[in-house]
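# Fold and contact review
Spelled out from the first residue to the last, the chains are:
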Amino acid sequence: MKFSLAVYSAPHSSQSASSALRFARVLLTQGHEIYRVFFYCDGVQNGNTLPAPPQDETNLIEQWQDLQRRHHLDLVICIAAAQRRGVLSTREAKRLEKPAANLANGFELAGLGQLVDAIAYSERLVTFGG
């Protein structure tokens, strides 16, 4: 079965992002396909490379990146929500005349059309947080 996931919570604010990551791992080990993971609202913080969680806490950003590398996942950050929260790619930082970019490797910025596309091409959309 083909799934897409929508993550609405920041990695540090609730268990939602962690649950989404665990769910994605289980789907992949069971042979399902993940068409896209879309991060929206505070969920865009999952693609922010700057947080440095304590050593005894899970670094969800690195774990999303690892899953993306191993399974070639499409990790999409909503560009409008990201700009509001200061998550910027190099291109957007230049365009907005900001001093730095902080979008983590493996994530891409795109519009809500990517969520609509994910809904259209997936058999199931599972949401986390919000």
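The following paragraphs examine the structure supplied in this document. Computed from a predicted structure; not experimentally measured.

When helices and strands are tallied, the protein chain shows 5 helices and 5 strands. In sequence order, the protein chain lays out its α and β elements as β-α-β-α-β-α-α-β-α-β. Here the protein chain has a C-alpha radius of gyration of 14 Å; the compact-globule value for 130 residues is 14 Å, and the two agree. Within the protein chain, buried positions represent 45% of all 130 residues.

Our next topic: the nonpolar core. Grouped together as the largest cluster of nonpolar side chains are 35 residues, with contacts concentrated most on V37, F39, W64, I77 and F107. Looking at this core, the elements with two or more residues in it are strand 1 (2-7), helix 1 (16-29), strand 2 (33-39), helix 2 (60-71), strand 3 (75-78), helix 3 (79-84) and strand 4 (107-110). Ranked by residues supplied to this core, first place goes to helix 1 with 6 residues. Here V37 is in contact with L5, V7, W64, D74, L75 and V76, once residues within four sequence places are set aside.

What counts and what doesn't
- Residues numbered from 1 in each chain as written.
- Predicted model: local features only at pLDDT ≥ 70, side-chain atom pairs only at ≥ 80, totals over all residues.
- Heavy atoms only, no water.
- Helix = DSSP H or I, 4+ residues; strand = E, 2+ residues; numbered from the N terminus.
- Rg over C-alpha atoms; globule rule 2.2 N^0.38 Å.
- Buried < 20%, exposed > 50% of the residue type's maximum accessible area, 1.4 Å probe, protein only.
- Core = buried A, V, L, I, M, F, W, Y, C linked by side-chain atoms within 4.5 Å.
- Contact = heavy atoms within 4.5 Å.

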